[in-house]
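The lines below spell out each chain.
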Amino acid sequence: MLKRVNYLLCMVKSIHVLIIEEVPLVVDGIKAAFEDISEGNGFYDFKISVALSSDDGLEEIDKAVKAMPFDLVLLDTCMSKSEDESILSGEDLGLEIRNTFPRAKIIAFSSYKNNYMLNNILKSIDPDGFLIKNELHRDKLIEAISTVIVEPPFYSKVIQKLI
């Protein structure tokens, strides 16, 4: 019995993550938050893929369809359009992810402050977490990721006021 308990305590859950963000410095901050979560509790092993453009995002989605689907996606809704203009924004990528990986949890973040735009994102993507970029800091991001993994949703104060 004791062996079984020790075995269960040592189990680590692997989580396949996609970060879609155009700014490498922001990506580095997000990766650091995942490292903090892994080191802090030891229960998660994050397999992180990064897309620095809409085109990269589409490529990562295509690769995951053929290999291992994403469990968690962190999505900047303010991405630039793809080269072929099939994707016009991060919101379009979010819809693609939601349709392709319906079980994936999505944490959206946006620099939009327009209530109409934010409500559209809430309705169309139905993210499991939603943060406004100017409210974003390491501790809040760690809290959002941890909450969405275990018991979503997590919405920032600005988003909560819209709901």
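Residues numbered from 1 in each chain as written. Predicted model: local features only at pLDDT ≥ 70, side-chain atom pairs only at ≥ 80, totals over all residues. Heavy atoms only, no water.

The next subject is the overall build of the protein. Each helix and strand in the protein was counted, giving seven helices and six strands. Along the chain direction, N to C, the helices and strands of the protein fall in the order α-β-α-β-α-β-α-β-α-β-α-β-α. Its C-alpha atoms give the protein a radius of gyration of 16 Å, near enough to 15 Å, the size a compact globule of 163 residues would have. Buried positions account for 41% of the 163 residues belonging to the protein. For the protein, the share of sequence-separated contacts (at least 6 apart) that also reach a separation of at least 24 residues comes to 69%. Counting only carbon and sulfur atoms, one obtains 53% of the accessible surface of the protein, whose full area is about 9100 Å². (Helix = DSSP H or I, 4+ residues; strand = E, 2+ residues; numbered from the N terminus. Rg over C-alpha atoms; globule rule 2.2 N^0.38 Å. Buried < 20%, exposed > 50% of the residue type's maximum accessible area, 1.4 Å probe, protein only. Contact = heavy atoms within 4.5 Å. Areas by Shrake-Rupley, 256 points an atom, 1.4 Å probe, with all protein chains shown as cover.)

Tallying each qualifying case throughout the model produces nine salt bridges. The salt bridge involving Lys 133 is made with Glu 21; its shortest N-O contact spans 3.1 Å. Taken together, the residues Lys 133 in the loop between β5 (129-132) and α6 (138-150) and Glu 21 in the loop between β1 (13-20) and α2 (24-41) connect sequence positions 112 residues apart. Judged by its relative accessible area of 0%, Glu 21 is buried. Where Glu 143 meets Lys 140, a salt bridge forms, and the shortest distance between an N and an O atom there is 3.8 Å. A residue pair is termed a helical-turn pair when its members lie 3 or 4 positions apart in one helix, as Glu 143 and Lys 140 do in helix α6 at three residues. The exposure class of Glu 143 is partly exposed, given its relative accessible area of 40%. (Salt bridge = Lys/Arg side-chain N within 4 Å of Asp/Glu carboxyl O.)

Moving on, we get to the sheet that holds strand β3 (residues 72-76). Strand order in the open sheet formed by six strands is β2-β1-β3-β4-β5-β6, and the pairing between neighbours is parallel. For this open sheet the edge positions go to β2 (44-51) and β6 (154-155), each flanked by a neighbour on one side alone. Sheet topology places β5 next to β6; two bridges connect them, and they run parallel. Looking across to β6, one finds that Phe 130 is bridged to Tyr 155. Lying on the sheet, helix α3 (residues 54-66) is in contact with β1 and β2; it crosses β2 at an angle near 135°. Where helix α5 (residues 115-125) meets the sheet, its contacts fall on β3, β4 (105-110), β5 and β6, and the angle it forms with β5 comes to roughly 160°. (Pairing = 2+ DSSP bridges. Axes fitted to C-alpha atoms, helices over the stretch in contact; angles between N-to-C directions.)

Of all the six residues making up β4, five are buried; the element is thus mostly covered by neighbouring parts of the structure. Strand direction decides the pairing type here: β3 and β4, joined by five bridges, are parallel. In the strand pairing of β4, Leu 72 is matched with Lys 105. Taken together, β3, helix α4 (residues 90-100) and β4 constitute a β-α-β crossover, and its handedness is right-handed. Bridge count for β4 against β5 is four bridges, and the pairing is parallel. Bridged to Ala 108 within β5 is Phe 130. Handedness of the β-α-β unit built from β4, α5 and β5 comes out right-handed. (Right-handed = clockwise from strand over helix to strand, strands pointing away.)

Let us now look at unusual backbone geometry. Along the chain, Pro 152 connects to Pro 153 via a cis peptide bond; the corresponding omega equals 10°. Mapped onto the fold, Pro 153 is located in the loop between α6 and β6. With phi around 65°, Glu 85 is a residue other than glycine that occupies positive phi space. Its location among the elements puts Glu 85 in the loop between β3 and α4. Among the residues examined, Glu 85 registers a relative accessible area of 46% and is labelled partly exposed. Within the chain, Asp 126 stands out as a residue other than glycine whose phi angle is a positive 50°. Relative to the helices and strands, Asp 126 is located in the loop between α5 and β5.

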